[in-house]
Amino acid sequence: TLHSFLDQVFRGIQAAARDRECNLMLACGVGSGEPGQGRPAWPILSPDVDFVPVGPSNTDGLIVAVPLTSRTGARYPSEARYVRDLMADGFPVVFAGAGERGPTVLVDNEGGIRQALAHLVAHGHQRIAFIAGVKGDERGDSGRRLRAYEAAVREWALTSDPGLIAYGYHNPQGGREAMRKILDSGARFTAVLASNDESAIGAVEALRDAGMVVPQDVAVVGFDDRLEARAH
C-alpha cells in the first residue's frame, strides 16, 4: 500500500492533472521487506531500484518524490545523476519534498517544528524529546526538522540532552524503537515531538507499553496532519 502521506500528494497531483486535462503516469517503488525501507522506481536498470518505463520517451515532465536516499540515509547516486542529467538537457523536473537542487514544492519544515514546540512550551514543557527522521538526510525534510528542533531548544533555553534525541526513520516501527531508546537512556522528559505522524504513532505505542498514559503522563506531537493522527 502507498505511504499515506504520499497518497495525499499523489491525489493532489492527480486532481491538478485532471483539471488541466493531462494524462498522468505514476511510477512507484516497492518495499524491500525491511520495515520502513522503500525502493525508488526509475527507467534505468539497477539492483537497488524497481525498473519502470517512465521517462522522457513517454512523458512531458517529471515530478520526483525525494530525497533520493535509503532508510539509512545512503544516497542513490545513479538515480540522482539520472535526474540531474535530465534537468541539464532541459527536461522539466519538479521535486516534491526537500533534498535536491531544483524547482521544489515542500512543506514548511522549520515553521511546523517551531509551531509544535511553541505549543508544548506554552503548556509548560521544558524537557522535550525529539524523534528525528532519517539519519544522514541532511538536506531533506529529516535534516531540516532536526535542525529546527535544535535551534528552538537553544533559542528558548530548553533542556538540551543527547539522550532526548533518537532516529525513528519516519515509520511506526522506527518510532517505537526510538521511543524505547530514549526511555532506556534514562533522560527525563514530559513531552515528545516526532518528525512525522508515523513515528509519533509508534512512540505512543511504546509509551503505552511502558505503562505511561498519553497525554496525561507524556504529551506527544507529530508532523503531517495525517488521517491516522486525527484518529489517535
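Note: the structure precedes this text.
Residues numbered from 1 in each chain as written. Predicted model: local features only at pLDDT ≥ 70, side-chain atom pairs only at ≥ 80, totals over all residues. Heavy atoms only, no water.

**Let's talk about the environment of Ile182**
Now for step 1: By the secondary structure assignment, Ile182 is in helix 5 (residues 172-185).
Now for step 2: We classify Ile182 as buried; its relative accessible area is 1%.
Now for step 3: Along the primary structure Ile182 and Ala166 are separated by 16 residues, whereas in three dimensions their C-alpha atoms are 6.6 Å apart.
Now for step 4: Discounting chain neighbours no more than four positions away, the residues touching Ile182 are Ala129, Phe130, Ile131, Gly163, Leu164, Ile165, Ala166, Ala187 and Phe189. (Helix = DSSP H or I, 4+ residues; strand = E, 2+ residues; numbered from the N terminus. Buried < 20%, exposed > 50% of the residue type's maximum accessible area, 1.4 Å probe, protein only. Contact = heavy atoms within 4.5 Å.)

**What to know about the sheet that holds strand 8 (residues 191-194)**
Now for step 1: The sheet built from 4 strands is open, its strands ordered 7-6-8-9 with parallel pairing. In the strand order of this sheet, the two ends are held by strand 7 (165-167) and strand 9 (219-221), each with one partner. Taken pair by pair, the neighbouring strands of this sheet meet at an average axis angle of 20°, ignoring direction.
Now for step 2: Pairing between strand 8 and strand 9: 3 bridges, direction parallel. Each residue of the ladder has a partner; that of Val192, found in strand 9, is Val220.
Now for step 3: The sheet strands contacting helix 4 (residues 141-155) are strand 6 (128-132) and strand 7, and the helix crosses strand 6 at an angle near 165°. (Pairing = 2+ DSSP bridges. Axes fitted to C-alpha atoms, helices over the stretch in contact; angles between N-to-C directions.)

**Structural notes on the layout of surface pockets**
Now for step 1: Taken as a whole, the second largest pocket spans an internal volume of roughly 510 Å³.
Now for step 2: Lining the second largest pocket are 21 residues, with Asp197, Val220, Val221, Gly222 and Ala229 sitting closest to its centre.
Now for step 3: Contributing elements (two or more residues each) for the lining of the second largest pocket: helix 3 (109-122), helix 6 (197-209), strand 9 and helix 7 (227-231).
Now for step 4: Broken down by element, the lining of the second largest pocket gets its largest block of residues, 5 residues, from helix 6.
Now for step 5: Residues of the lining of the second largest pocket, tallied by class, amount to 11 nonpolar, 5 polar and 5 charged. (1 Å grid on protein atoms, 1.4 Å probe; cavity = no way out; pocket = protein on both sides within 12 Å on 5 of 7 lines; lining within 4 Å. Points joined across faces, edges and corners; volume = space filled by probe spheres on them. Nonpolar A, V, L, I, M, F, W, Y, C, P; charged D, E, K, R; others polar.)

**A word on helix 6**
Now for step 1: With 13 residues, helix 6 ought to run about 18 Å at 1.5 Å a step, and its terminal C-alpha atoms sit 18 Å apart, in line with that.
Now for step 2: Of all 13 residues that make up helix 6, 10 are buried, and the element is covered over most of its length.
Now for step 3: Turning to helix 6, its buried residues number three or more, namely Asp197, Glu198, Ser199, Ala200, Ile201, Gly202, Ala203, Val204, Ala206 and Leu207.
Now for step 4: Positioned one or two residues after helix 6, Gly211 has a phi angle of 85°, which is positive. (Expected span 1.5 Å × (residues − 1).)

**Things to note about the sheet that holds strand 3 (residues 62-65)**
Now for step 1: Strand order in the open sheet formed by 3 strands is 3-4-5, and the pairing between neighbours is parallel. Strands at the two margins of the open sheet, each flanked by one partner only, are strand 3 and strand 5 (104-105).
Now for step 2: Two elements, strand 3 and strand 4 (residues 93-96), share 4 bridges in a ladder whose sense is parallel. Paired with Ala65 across the bridge in strand 4 is Ala96.

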